[in-house]
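Residue strings, one per chain:
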Amino acid sequence: QVQLVESGGGLVQPGGSLRLSCGASGSISSMHSMGWYRQAPGKQRELVASVTDIGVTNYADYVKGRFTISRDAAKNTLYLQMNSLKPEDTAVYYCNAEFGRIGFPRYYIWGQGTQVTVSS
C-alpha cells in the first residue's frame, strides 16, 4: 500500500520560514497530482498548493508570493517552502496524492500531518 509521511513542521516566529517534506513509498506507479492541505482547529481542511505530474502548480490566494511547492520525482518527495509566515498560517499541514489508471476511478491518499505553529 501507498504511504505518505510528512516532516519539517515546528514552531517559528512571525516572518520566519519552514520547509515541509512529504515522502511517498509503496505502489506509486499510478500517482498523478500531489498537494498540501492545512487544517486549523475548528476550521475546514483547505488546499494550500498542488502540483501535477507534468509540473503545473496551483496556489491558494493567501499563500501566493510566500509559499513554493516543488516535486522531486527521483526521490518521490514533495516539498513546501514557506516564507514570511504569519500567525494565521498555524495549522496541521497534510500531504495528499491522487492516484488512478485509465478506466478506473480516481482515489486519494493522505499523510498523517505535521504541525506548524507561528507565534512569538
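As a starting point, this report considers the structure included with it. (Residues numbered from 1 in each chain as written. Predicted model: local features only at pLDDT ≥ 70, side-chain atom pairs only at ≥ 80, totals over all residues. Heavy atoms only, no water.)

A few words now on the sheet that holds strand β7 (residues 67–72). Here we have four strands laid out as an open sheet, ordered β1-β3-β8-β7, and antiparallel in their pairing. Looking at which strands have only one partner, the edges of the open sheet turn out to be β1 (3–7) and β7. Strand-to-strand, the axes of this sheet are offset by a mean angle of 15 degrees, without reference to chain direction. As paired strands, β7 and strand β8 (residues 77–82) are joined by six bridges and run antiparallel to one another. Residue pairing across strands places D72 opposite T77, the latter belonging to β8. (Pairing = 2+ DSSP bridges. Helix = DSSP H or I, 4+ residues; strand = E, 2+ residues; numbered from the N terminus. Axes fitted to C-alpha atoms, helices over the stretch in contact; angles between N-to-C directions.)

Time to look at the nonpolar core. Grouped together as the largest cluster of nonpolar side chains are 31 residues, with contacts concentrated most on W36, L80, M82 and Y93. Looking at this core, the elements that each hand over two or more residues are β3 (18–25), β4 (31–39), β5 (46–51), β7, β8, β9 (91–99) and β11 (114–118). Considering every element that reaches this core, the biggest residue donor is β9, with five residues. The contacts of L80, once residues within four sequence positions are left out, are L18, R19, L20, W36, V48, A49, F67, T68, I69 and Y93. (Core = buried A, V, L, I, M, F, W, Y, C linked by side-chain atoms within 4.5 Å. Buried < 20%, exposed > 50% of the residue type's maximum accessible area, 1.4 Å probe, protein only. Contact = heavy atoms within 4.5 Å.)

Estimates place the volume of the largest pocket at around 180 Å³. Together, 14 residues line the largest pocket, and R38, K43, E46, E88 and D89 are the ones closest to its centre. Residues of the lining of the largest pocket, tallied by class, amount to four nonpolar, three polar and seven charged. (1 Å grid on protein atoms, 1.4 Å probe; cavity = no way out; pocket = protein on both sides within 12 Å on 5 of 7 lines; lining within 4 Å. Points joined across faces, edges and corners; volume = space filled by probe spheres on them. Nonpolar A, V, L, I, M, F, W, Y, C, P; charged D, E, K, R; others polar.)

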